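Structural overview for review
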Amino acid sequence: MNRAPIGIFDSGLGGLTVTAALFERLPEESTVYFGDTARVPYGPKSPATVRRYCAGILEWLLEQQVKAIVVACNTSSAHALDELRADSPVPVLGVIEPGAKAAAAATRNGRIGVIGTSGTVASGAYAKALQLLDPGLEVVQQACPLFVPFVEEGWFAHPATELVAREYLGPLISRRIDTLVLGCTHYPLLRPLLGEILGPDVTLIDSAVATADAVVEVLEGQGLRAEGSGEPPTHRFAVSDEAQRFTQVGTRFLGARLTDVEVVAMGG
Ligand code: DGL
């Protein structure tokens, strides 16, 4: 048994979707969340810059004595996971592998769509992970850079979001995908709209839920669960800038469980 917290990080508040899934699956575990609100978005930034940001966050989370780290950000997982794993004394989990596994298990016709930030799509990380699982899979990728600001604006079903979503999803529909990976922290909030556009025959894969399942597996496998301690879990939230907006928008992701956001200095 290990009562140390799980560290979770994202470029900003989107990783709260993964946090919500972790709260659901592991209610007895304590967490420390870090959102890099001073430097968000990561999506359009170069892999080298994202890797540098992630290295600093890893250092800060390790100082908080975490027992495992969840890279909730798809862009960070795409660019920095290998380096983070090499530099960390505790297990590091990303969102791409679990999402890819869930998609490979769900597809019936072998044609999988992946949507994400420009960085995630340019890295080809989901396509590589999927083809490693099954080289016969056909992967159709589409960057959807406008979705993040729409979600942060709370425009989940707004006509403007729908217009843009139809434009982005058009090529995926014409390639007749039957499974779509929501390869960005923010996209689960657009699930109802995307589901409506794609119709009931396309399975939507939420990496957040698949990642929470992978965290359970790793903690159990390594004897790191806090289960049975009898102590209530604690949840800390830290950001690198502007706690107020994080709290305000973040409650859309996590509800009333988002409390007491602290601001910590993060250089670079
Ligand atoms: N968290 C990012 C991701 O999942 C989306 C926001 C950003 O561009 O930083 O890729």
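Up top is the structure these notes are about.
My aim in this report is to walk through the structure given alongside it, one point at a time. Being a predicted model, the structure only gives us computed values, none of them experimental.

Glancing now at the overall build of the protein. The secondary structure content of the protein amounts to 11 helices and 10 strands. Taken over the C-alpha trace, the protein has a radius of gyration of 18 Å; the compact-globule value for 268 residues is 18 Å, and the two agree within 12%. Based on the C-alpha atoms only, the size of the protein along its principal axes is roughly 50 × 40 × 35 Å. Residue pairs in contact within the protein that sit at least 24 positions apart in sequence constitute 76% of those at least 6 positions apart. For the protein, the accessible area works out to roughly 11300 Å², and carbon and sulfur atoms hold 52% of it. Once the 21 positive and 30 negative side-chain charges of the protein are each reduced to a mean point, those two points are 4 Å apart.

Turning to the site of the ligand, a few remarks are in order. Around the ligand, the surrounding shell consists of Asp10, Ser11, Val40, Pro41, Tyr42, Gly43, Cys73, Asn74, Thr75, Thr117, Cys184 and Thr185. At a separation of 3.0 Å, an oxygen atom of the ligand approaches a polar backbone atom of Asn74. Residue Thr185 places a side-chain N or O atom 2.9 Å away from a nitrogen atom belonging to the ligand. The cavity that encloses the ligand is the second largest pocket.

Turning next to the pairing of strand 8 (residues 203-206). The pairing of strand 7 (residues 179-183) with strand 8 spans four bridges and is parallel. Looking across to strand 8, one finds that Thr179 is bridged to Thr203. Traced from strand 7 through helix 9 (residues 191-198) to strand 8, the parallel crossover comes out right-handed.

Right, let's talk about empty space enclosed by the protein for a bit. What the rule picks out here adds up to one cavity of 30 Å³ or more. As for the largest cavity, its lining consists of Thr17, Val18, Ala72, Asn74, Val95, Leu182, Cys184, Thr185, Pro188, Asp206, Ser207 and Ala208. When contributions to the lining of the largest cavity are tallied by element, the ones reaching two or more residues are helix 1 (16-25) and helix 10 (207-221). Among the residues making up the lining of the largest cavity, the classes are represented as seven nonpolar, four polar and one charged.

For Leu254, the location among the structural elements is in helix 11 (residues 243-254). Taking the C-alpha atoms as reference points, Leu254 and Leu13, separated by 241 residues in sequence, lie 9.9 Å from one another. Aside from chain neighbours lying at most four places away, what touches Leu254 is Leu16, Thr19, Ala20, Phe23 and Phe237.

As a further point, take helix 10. The end-to-end C-alpha separation of helix 10 is 21 Å, in line with the 21 Å expected for 15 residues at 1.5 Å each. Inspection of helix 10 places Ser207, Ala208, Ala210, Thr211, Ala212, Ala214, Val215, Val216 and Leu219 among the buried residues, and these make up the whole buried set. Between a side-chain oxygen at the N-terminus of helix 10 and the backbone nitrogen of Ala208 the separation is 2.9 Å; the capping residue is Asp206. Positioned one or two residues after helix 10, Gly223 has a phi angle of 65°, which is positive.

Let us look at unusual backbone geometry. Of note, the bond from Val40 into Pro41 is cis; its omega dihedral lies within 30 degrees of zero at 5°. Looking at the element boundaries, Pro41 is found in the loop between strand 2 (31-35) and helix 2 (47-63). One non-glycine residue, Glu242, adopts positive backbone phi at about 50°. Of the residues examined, Glu242 reaches a relative accessible area of 43% and is grouped as partly exposed. At Asp260, a position not held by glycine, the phi torsion is positive, near 45°. Here Asp260 lies in the loop between helix 11 and strand 10 (261-263).

What counts and how
Residues numbered from 1 in each chain as written. Predicted model: local features only at pLDDT ≥ 70, side-chain atom pairs only at ≥ 80, totals over all residues. Heavy atoms only, no water. Helix = DSSP H or I, 4+ residues; strand = E, 2+ residues; numbered from the N terminus. Rg over C-alpha atoms; globule rule 2.2 N^0.38 Å. Contact = heavy atoms within 4.5 Å. Areas by Shrake-Rupley, 256 points an atom, 1.4 Å probe, with all protein chains shown as cover. Lys, Arg positive; Asp, Glu negative; His and termini not counted. Charge placed at Lys NZ, Arg CZ, Asp CG, Glu CD. Near = heavy atom within 4 Å. Polar contact = N/O pair within 3.5 Å; in protein donor to acceptor, adjacent residues only side chain to side chain. 1 Å grid on protein atoms, 1.4 Å probe; cavity = no way out; pocket = protein on both sides within 12 Å on 5 of 7 lines; lining within 4 Å. Sits in = over half its atoms within 2 Å of the grid points. Pairing = 2+ DSSP bridges. Right-handed = clockwise from strand over helix to strand, strands pointing away. Points joined across faces, edges and corners; volume = space filled by probe spheres on them. Nonpolar A, V, L, I, M, F, W, Y, C, P; charged D, E, K, R; others polar. Expected span 1.5 Å × (residues − 1). Buried < 20%, exposed > 50% of the residue type's maximum accessible area, 1.4 Å probe, protein only.

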